[in-house]
Amino acid sequence: MIAAIVICRRVCSRPEASRGQAGPGRYLVLVLLGLALLLGCARSARAIDRLQLSVGALAHPAFELHDVELGFAAGGSPPTLRIGRLRVGSTQWQGIQLVCPQSSLARDGVACLAGALHVGTRRLPLQVDFKFDPVQRNLRVDLRWPSGAKLSLIHDGERRFEVRLSQLFIDELAMLAAVFDDGAAEVRRRYAASGRLDARLVWTPSPQGGRDIVRIEGRLSEAGFSSEDGLHAAEQLALSFDGAATATPSGWDWQLRAAWEQGEAYLHPLYLQAGPVLHARGQVGAEQIHVETASLAMDGVQQLALSASVSRNGFALDTLAVSLAGGDLAVLGPRWLAPLLAPALVERLRFAGSMSAGLTMKAGVLTGVDVVFDQAGVSLAGAVGDRGLAFGPVSGHVPWQANAPTQADLRIEGGHWEALSLGAFDVSARLEGEQVVFSPMRVPVLDGMLAFDGLELRRLAEGWQGHAGVVLEPVSMLALTEAIGLPPMAGVVSAALPGVRFGSGELTLDGALVVSVFDGYLHVTGLRVSEPFGLASHLQADVEARHIDLGQLTDAFSFGSITGFADLDLKGLELVRWRPTRFEARLASSPGDYRRRISQRAVQNISALGGAGAVAALQRGLLGMFETFGYRELGLRCVLANGVCDMAGIPGGDRADGGFRIVRGGGIPALDVIGYNRRVDWPELVGRIQRVIEDNVTPELR
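The structure contained in this document is the topic of the report that follows.

What counts, and at which threshold
- Residues numbered from 1 in each chain as written.
- Predicted model: local features only at pLDDT ≥ 70, side-chain atom pairs only at ≥ 80, totals over all residues.
- Heavy atoms only, no water.
- Helix = DSSP H or I, 4+ residues; strand = E, 2+ residues; numbered from the N terminus.
- Buried < 20%, exposed > 50% of the residue type's maximum accessible area, 1.4 Å probe, protein only.
- Contact = heavy atoms within 4.5 Å.
- Areas by Shrake-Rupley, 256 points an atom, 1.4 Å probe, with all protein chains shown as cover.
- Pairing = 2+ DSSP bridges.
- Disulfide = S-S within 2.5 Å.
- Phe/Tyr/Trp six-rings, centres within 6.5 Å; stacked < 30°, edge-to-face > 60°.
- Polar contact = N/O pair within 3.5 Å; in protein donor to acceptor, adjacent residues only side chain to side chain.
- Salt bridge = Lys/Arg side-chain N within 4 Å of Asp/Glu carboxyl O.

Looking only at helices and strands, the protein has nine helices and 48 strands in total. The 702 residues of the protein split such that 40% are buried. Residue pairs in contact within the protein that sit at least 24 positions apart in sequence constitute 46% of those at least 6 positions apart. About 36700 Å² of surface is accessible on the protein, with carbon and sulfur atoms providing 57% of the total.

Right, here's the structure in full:
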């Protein structure tokens, strides 16, 4: 047996080599040509049982092959190509073997058709065609999938290297990548990625003394993905891209264009649609990737530009600068601002006006934000029938630096909170790190003023928190009741909230809220409001009302006429969406010496509060003979739970027949108002009171 073995230690294609120069690559050509001649001369000889070519290394700027063996054996065994190690870029693989059932070795080169490719112990589910021409030094490798997809690697014998992807589906590409990297299959499984890729990359050799150029172009179509948690998804994506890179002594200069042509994506909490087009250029060095300039064309923006540097070790963001000019808030607000700032309120927030902004980051940490508003506006829609909250137009400048204090100034031309209209006011604040300290602020409300003092905000891990002191300077009750649609009332209302804390969607009152109304006052403690502007708002409080002038109160609501004063205790009050769901209320005459008279009309209306069966303890005919009656005291109790009001009257005023006194008579003429229905449906009771007030309907006395 005779074996022909040829061994080359190393073959290099150096950057400065050209077709007219002699170089180590010539040795490989001569060796393969010699093998072809040897094989041709030995066609009639049977002495050669095996031919083997061994190459220590093949080097190219784009790739390297180490420990290459090409063997031809007698006896019908198919030729085999073995590669100990293959490097492409910074990625490398080991133990590659190509078995060629259809092959040839002749003067025009080495060819392999329908080859089977193995990496380690795994066989790839594709077919390989391979051809190398030793004279022209051309190399072409085609990988074919059963679906018709193809990946071609082409080398022209000098330095021009080309990669073509045709109709290659993402799952096929992921399957190929998984052979070399176990994590690739896991990533595709987690995101259920799909789509088809067509692309072309060309590495063009430079003329002597010139620079290498790499160009790429391609299109991703019918693409989509979906994460297991549902927070990231896209469908019907179509992206086109093209770019180029030029070699430099220190790396590469590059430029790129990418266009999102079709489809939509949800990247929690953002919903994105096709349209943006990116133009970028920069450099790739030994340690960093620099984005010198990048501009993004998209709806709602006159100009959006950025620059950045990224470490090649782990692709960590080193620096980032973003600038936005002419941002239309009507477009940007719902798409970008609301999902990032208040994701729970996206459907209810509306924006107007324009803004410009800048942002800087260093080592992945935000270092600066600069925002300018021009006639901007924001509104939060309320529940059905409510006006909600709105501010604007707003103009001004808000700068922030991580390591230096700054001053923000805004002019707000007005707004409204539900039915309350707000006048123009200024906002000035000192920004320092994660803290915002506001100057004293006065907001016009109707004919009064809402004053904020000591307002501070601080950003913590759980969100924004803050505190303030709030004072409502006297507001006309006539203006207030007209604004909120209540019957006209006389007097003024004022309030003092010495300590208000808010954070994590909750507002809490430290101390007591005192409101002057109807010549008396309301004293509110334990006030806590969750999601005050949300659809699931929830309020808890205890309320005491003292020395309320019943004459003013009943005149305001056309309830009849009652002279005197009353106290109210409202314990455990709970409101859901600003509707009462639970409380324990007790109304009683205030202590003291004052005139106590009640009109016939008021007697009839109070009887309605006792529910069906309430009566006035006088004959119907006698009741009609007098306009007013004296009374000694009045009292009513209601414990609301599960939509039912458990009723009672004056303490100690229960009767043997099951009735309870609501009004105890006194003077001449005197009468008692007695209720018999102790359980009253709350919505029905509210409806009955509203009908009495709004329609002036006399309740039926039974």
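Our focus in this paragraph is the pairing of strand β40 (residues 565–576). Bridge count for strand β38 (residues 538–549) against β40 is nine bridges, and the pairing is antiparallel. Looking across to β40, one finds that Ile548 is bridged to Ala566. Where β40 lies against strand β41 (residues 579–589), nine bridges are found, and the strand directions are antiparallel. Each bridged residue has a counterpart across the sheet, and for Glu574 the counterpart in β41 is Arg582. Between the antiparallel neighbours β40 and β41 lie two residues, among them Arg577 with a positive phi of about 55°.

This next bit is on the state of the cysteines. By definition, a disulfide links the sulfur atoms of two cysteines through a covalent bond. Within the structure shown, the criterion is met by two disulfides. The partner cysteine of Cys100 in its disulfide is Cys112, sulfur to sulfur 2.0 Å. With the S-S bond torsion at -105°, the cross-link from Cys100 to Cys112 turns out left-handed. One end of the pair, Cys100, is in the loop between β6 (91–99) and β7 (102–106); the other, Cys112, is in strand β8 (residues 109–119), and 12 residues separate them in sequence. This pair shows no difference in class: Cys100 is buried, exactly as Cys112 is. Bonded cysteines in the protein are paired 1-2, 3-4 when counted in the order they occur along the chain.

Under the definition given, this model contains four aromatic pairs. Note on Trp203 and Trp252: the rings are 5.5 Å apart at their centroids and 90° apart in plane angle, and the pair reads as edge-to-face. Pair noted here: Trp203 is in strand β14 (residues 194–204) and Trp252 is in strand β17 (residues 251–267), with a separation of 49 residues, a long-range link. You can call Trp203 buried: its relative accessible area is 11%. With 5.3 Å between their ring centres and 85° between their planes, Phe565 and Tyr594 make a pair best called edge-to-face. Note that Phe565 is positioned in strand β40 and Tyr594 in the loop between β41 and β42 (597–599), a separation of 29 residues in sequence.

Further remarks concern unusual backbone geometry. Going from Gly392 to Pro393, the amide bond is cis rather than trans, its omega being 0°. In the Ramachandran plot, Gln167 falls in the positive-phi region, its phi being about 55° despite a non-glycine side chain. Along the chain, Gln167 falls in strand β13 (residues 161–169). The partly exposed category is assigned to Gln167, whose relative accessible area is 36%. With phi around 55°, Asn642 is a residue other than glycine that occupies positive phi space. Position of Asn642 relative to the elements: it lies in the loop between β44 (628–641) and β45 (644–648).

Another point: the side chain of Thr554. Structurally, the position occupied by Thr554 is in helix α6 (residues 550–556). Here Thr554 falls in the buried class, since its relative accessible area comes to 4%. Of note is the side chain of Thr554, whose polar atom sits 2.7 Å from the backbone oxygen of Leu550. Reaching out from Thr554, the side chain makes a polar contact with the backbone oxygen of Gly551 at a distance of 3.3 Å. Once residues lying within four places of it in the same chain are set aside, the contact partners of Thr554 are Phe559, Gly560, Ser561 and Ile562.

All right, on to the pattern of salt bridges then. Tallying each qualifying case throughout the model produces 23 salt bridges. Its salt-bridge partner being Glu432, residue Arg430 comes within 2.5 Å of it at the nearest N-O pair. Arg430 sits in the partly exposed class, given a relative accessible area of 42%. The salt bridge partner of Asp657 is Arg655, with a shortest N-O separation of 3.1 Å. By sharing partners, the salt bridges in this structure join Asp129, Arg140, Asp142 and Arg144 into a single network.

As for its position among the elements, Phe315 is in the loop between β21 (303–311) and β22 (317–328). As a C-alpha pair, Phe315 and Glu287 span 28 residues in sequence and 10.0 Å in three-dimensional space. Aside from chain neighbours lying at most four places away, what touches Phe315 is Ile289 and Val310.

Our next topic: the environment of Asp409. You can see Asp409 is positioned in strand β26 (residues 406–412). Linking Asp409 and His397, residues 12 residues apart in sequence, is a C-alpha distance of 5.7 Å. What Asp409 contacts, discounting residues up to four positions off in sequence, is Ser395, Gly396, His397, Val427 and Ser428.

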